[in-house]
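Listed here are the chains, written in short residue letters.
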Amino acid sequence: MKLVDCFPEYYGSTQDCVDYISNYYGLADGVTPACEAAAISYFDCGAALTCAQLDANMNDCDDEATAAEQACGPA
């Protein structure tokens, strides 16, 4: 919901956001436990950021974002 609220020009709805993230990380075939844990950590971290912080090139959740990309990205 935070991404939808912060970036309505990119996500018209929560489902649009879920679809984009699922496609970005290639999650069509499901989520591994490592990916799930990394994604939860990243989303929990991002929920505490302001919209401006989320939109910045770097923020306090960069480590979590990198971990999610590594755990959830295509092999």
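Above this note sits the structure.
Residues numbered from 1 in each chain as written. Predicted model: local features only at pLDDT ≥ 70, side-chain atom pairs only at ≥ 80, totals over all residues. Heavy atoms only, no water.

K.L.:
Please clarify how the environment of Ala65 should be interpreted in this entry.
P.N.:
Here Ala65 shows up in helix 5 (residues 62-72). The exposure class assigned to Ala65 is buried, which follows from its relative accessible area of 14%. Considered as a pair, Ala65 and Phe7 are 58 residues apart in the sequence and their alpha carbons are 18 Å apart. (Helix = DSSP H or I, 4+ residues; strand = E, 2+ residues; numbered from the N terminus. Buried < 20%, exposed > 50% of the residue type's maximum accessible area, 1.4 Å probe, protein only.)

K.L.:
When you look at helix 2 (residues 14-25) in this model, what are you seeing that I'm missing?
P.N.:
End to end, helix 2 covers 17 Å across twelve residues, agreeing with the expected 16 Å (1.5 Å per residue, within 8%). Regarding helix 2, the residues found buried are Cys17, Ile21 and Tyr25. Projected down its long axis, helix 2 shows its buried positions confined to an angular sector of 50 degrees, all on one face. Next to the buried residues of helix 2 lie helix 1 (2-6), helix 3 (33-47) and helix 5. A positive phi of about 65 degrees marks Gly26, the residue just after helix 2. (Expected span 1.5 Å × (residues − 1). Arc of directions from axis to C-beta. Contact = heavy atoms within 4.5 Å.)

K.L.:
What's the story with the packing of helix 3 against helix 5 in this structure? I'm lost.
P.N.:
When two helices pack together, their arrangement is given by the angle between the helix axes and by the axis-to-axis distance. Relative orientation of the contacting elements helix 3 and helix 5 amounts to 155 degrees, with a least axis distance of 8 Å. When the axes of helix 3 and helix 5 are compared, the pair comes out roughly antiparallel. Taken as a pair, helix 3 and helix 5 cross one another with a handedness that is left-handed. Here Ala34, Cys35, Ala38, Ala39, Ser41, Tyr42 and Cys45 of helix 3 come into contact with helix 5, specifically with Glu64, Ala65, Ala67, Ala68, Ala71 and Cys72. (Axes fitted to C-alpha atoms, helices over the stretch in contact; angles between N-to-C directions. Parallel < 35°, antiparallel > 145°, perpendicular 65-115°, else oblique. Left-handed = near helix turned anticlockwise from the far one by under 90°.)

K.L.:
Would you take a moment to explain the packing of aromatic side chains for this structure?
P.N.:
To describe a pair of aromatic rings, one takes the distance between the centres and the angle between the planes. In total, this model carries three aromatic pairs according to the counting rule given. Measuring from centroid to centroid gives 6.3 Å for Phe7 and Tyr10, while their planes differ by 55 degrees, and the two rings are tilted. Note on Phe7: relative accessible area 10%, which makes it buried. Ring centres of Tyr11 and Tyr20 lie 5.9 Å apart, and the angle between their planes is 65 degrees; this geometry places the pair in the edge-to-face category. (Phe/Tyr/Trp six-rings, centres within 6.5 Å; stacked < 30°, edge-to-face > 60°.)

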